[in-house]
Amino acid sequence: MKKVITYGTFDLFHEGHYRLLQRAKALGDYLIVGVTTERYDKARGKLNVVDSLMTRIENVRKSGFADEIIIEETIGQKISDIKKYDVDIFTVGSDWVGKFDYIGEYCEVVYLERTKDISSTQLRHEAHRVQQIGIIGTGRLPARFVKESKFVSGASILGVYNPNKEHAAEFAKRNELKQYETLEELYEAVDIVHIASPHSTHYAYAKDALEHGKHVICEKPMTLRKAETAELYKLAREKNCVLIEDIKTAYCPGFDSLINVARSGIIGQIKYVDACFTRIADKNTRELIDVKTGGSFTEMASTLLLPIMKLMGTEYEDVRFDCIHNEQGLDIFTKATISYERGFASATCGLGVKAEGRLMIAGTEGYIVAEAPWWKTTYFEVRFEDASRVEKYTERFLGDGFRYTISDMVNRINGVTTSTMQLTKEESEAISNMIEQFLGQEER
Ligand code: C2G
């Protein structure tokens, strides 16, 4: 008798799950299905699981393919199950290709093709259903976005669009997605549009998607003009759509906790925020070539200005930019000094000059410091005049952070959270305003 084993969360049970179990069963004579516990999903960083363990087990049972259902509770469990049940084949969907090769030492490993299109009525599920995402753009970021999306239950990436059809075809093939020939086709199929095209195209794509009634996750910076960003938020409201500017830091739990601690009054009144983030970029990358929208500030300002806007406010009095330029006239290092009625802030970024990446928040009674990579906040300290008094905070930061943005979007669509506290419209608009001022000074 050939024994097959597979594992999964099987949340919001859908056609992809059904087809996976059907083919898993067909690989042998006896199918064992491991269903993950809530605790295990939490440990491996899977967010937004909606159904209870009981419901998920019941849905697997109802599929009729499982001869035995077990519970997956811990990370090392797969190997011990395979030995215990004398399993011949371990199988899982192709979204995990490579990840489980190590099991090949114990039994045969088969990756079954992931079901691309799960946008059928089978997905409808009481209040929740799987939100289908379409991506515009096929660069480095969307590839990471696809990888991260599988850690958010209730969201699935369906396909991709790029006016450059060759790039789109290659991306779709590599990531097992559909390729849309036109934007209309993409809007037809999806609920959420992720815009990951070059900066200067964000506004037009976001506007178009919102006009078609789609929720939008737009890469940062949302636009390069305050009026455009404001118009997009207004449109989103009119269309009853969720619009998110994807400054990943804003959605991660560590940064949320840092802001909450800073706002708690523990360091007194906040007077100064100093944020620095640099990355030496290849001279031939878009960021250092594109004379209209390239350079350090347009690339990095959103992340740097985030803690500043959150803690000092969006109503700044003045801003002064000091820059160092490359031969193309693009800033390779910029320091923005921002003045407020109650204090000031500085934001330093660079694509061609390296400096210590740090976030420091100074108050009348103490200060907070988060070292690089503070933009993926996992650790920060609260320090005081009495140097022996230090409060330390740690948080997890999973994957590369995209999962937090996707999770927030799904929660907001489902009304689990209606809060825009992660990044408010005012903050997003103020960031666009400062980028507009910067480009004005640079005469671009
Ligand atoms: N699946 C699929 N097509 C989809 C979605 C999922 O074939 N469109 C497959 C997955 O690859 C997996 C199974 O269905 O084999 C269950 O998917 P999930 O519930 O998302 O579970 P997952 O997070 O993939 O857990 O230990 C758990 C395993 O690592 C897999």
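Residues numbered from 1 in each chain as written. Predicted model: local features only at pLDDT ≥ 70, side-chain atom pairs only at ≥ 80, totals over all residues. Heavy atoms only, no water.

Attention now moves to the overall build of the protein chain. Helix and strand content of the protein chain: 14 helices and 19 strands. Projected onto its principal axes, the C-alpha positions of the protein chain cover 75 × 55 × 40 Å. Within the span of the protein chain, comprising 444 residues, buried residues form 56% of the whole. Contacts spanning at least 24 positions in sequence make up 67% of the contacts within the protein chain whose residues lie at least 6 apart. Of note, the protein chain has its 58 positive side-chain charges centred 2 Å away from the centre of its 67 negative side-chain charges. (Helix = DSSP H or I, 4+ residues; strand = E, 2+ residues; numbered from the N terminus. Buried < 20%, exposed > 50% of the residue type's maximum accessible area, 1.4 Å probe, protein only. Contact = heavy atoms within 4.5 Å. Lys, Arg positive; Asp, Glu negative; His and termini not counted. Charge placed at Lys NZ, Arg CZ, Asp CG, Glu CD.)

Considered domain by domain, the protein chain is made up of domain 1 (3-112), domain 2 (131-247) and domain 3 (250-397). For domain 1 versus domain 3, the separation of C-alpha centres amounts to 43 Å. (Domains from an automatic or database assignment.)

One open sheet accounts for eight strands, arranged S13-S14-S15-S12-S16-S17-S18-S19; its pairing is mixed. Two strands bound the open sheet, and with one partner strand each, they are strand S13 (318-325) and strand S19 (390-394). Each adjacent strand pair in this sheet contributes to an overall mean axis angle of 10°, direction not counted. When strand S12 (residues 270-278) meets strand S15 (residues 343-350), the two strands line up parallel, connected through seven bridges. Counted as the bridge partner of valine 273 is alanine 345 from S15. Most of the contacts of helix H12 (residues 296-312) go to S15, to which it runs at about 155°, and overall it touches S12, S13, strand S14 (331-340), S15 and strand S16 (358-363). The strands touched by helix H14 (residues 425-441) within the sheet are S13 and S14, with S13 carrying the most contacts at an inclination of about 55°. (Pairing = 2+ DSSP bridges. Axes fitted to C-alpha atoms, helices over the stretch in contact; angles between N-to-C directions.)

Right, let's talk about the pairing of S13 for a bit. As a general feature of sheets, a regular strand has side chains that alternate between the two faces. Judged from the eight bridges that link them, S13 and S14 form a sheet pairing that is antiparallel. When the bridges of S14 are listed, aspartate 318 appears paired with serine 339.

Here the focus is the packing of aromatic side chains. Evaluation of the coordinates by the stated rule reveals 16 aromatic pairs. For the pair phenylalanine 297 and phenylalanine 438, a centre-to-centre distance of 4.7 Å together with 40° between the ring planes defines the contact as tilted. Of this pair, phenylalanine 297 sits in helix H12 while phenylalanine 438 is found in helix H14, placing the two residues 141 residues apart along the sequence. Summarising the burial analysis for this pair, phenylalanine 297 and phenylalanine 438 share the class buried. Through a chain of ring-to-ring contacts, three or more aromatic side chains come together here, namely Tyr7, Phe90, Trp96, Phe100, Tyr102 and Phe151. Just above the ring of tryptophan 96 sits the side chain of lysine 150; from NZ or CZ to the centre is 4.1 Å. It is arginine 403 that lies over the ring of phenylalanine 151; its NZ or CZ is 4.1 Å from the centre. (Phe/Tyr/Trp six-rings, centres within 6.5 Å; stacked < 30°, edge-to-face > 60°. Lys NZ or Arg CZ within 6 Å of the ring centre and 35° of its normal.)

Here we come to unusual backbone geometry. Residue proline 221 is reached from lysine 220 by a cis peptide bond, and omega for that bond is -15°. By secondary structure assignment, the location of proline 221 is in the loop between strand S10 (215-219) and helix H9 (226-238). You will see that asparagine 48, though not glycine, has its phi angle at about 70°, which is positive. Of note, asparagine 48 is situated in the loop between helix H2 (38-43) and helix H3 (53-63).

Before going further, it helps to examine helix H5 (residues 140-149). Three or more residues of H5 are buried, namely Pro142, Ala143, Phe145, Val146, Glu148 and Ser149. Where H5 is buried, its residues meet strand S6 (131-136), strand S7 (155-161), helix H6 (165-174), strand S9 (192-195), S10 and helix H13 (402-413).

Bringing the site of the ligand into the picture now. Surrounding the ligand, one finds 22 residues, the nearest of these being Phe10, Lys46, Glu72, Asp95 and Trp96. At a separation of 2.7 Å, an oxygen atom of the ligand approaches a polar side-chain atom of tryptophan 96. Backbone polar atom of threonine 115 to a nitrogen atom of the ligand: 2.9 Å apart, as the coordinates give it. Of all the elements in the fold, those that place two or more residues in the shell around the ligand are strand S1 (3-8), helix H1 (15-26) and strand S4 (89-93). (Near = heavy atom within 4 Å. Polar contact = N/O pair within 3.5 Å; in protein donor to acceptor, adjacent residues only side chain to side chain.)

With that out of the way, let us pick up the environment of alanine 362. Its place among the elements puts alanine 362 in strand S16. Once the C-alpha coordinates of alanine 362 and valine 273 are considered, the two residues, 89 residues apart in sequence, prove to be 6.2 Å apart.

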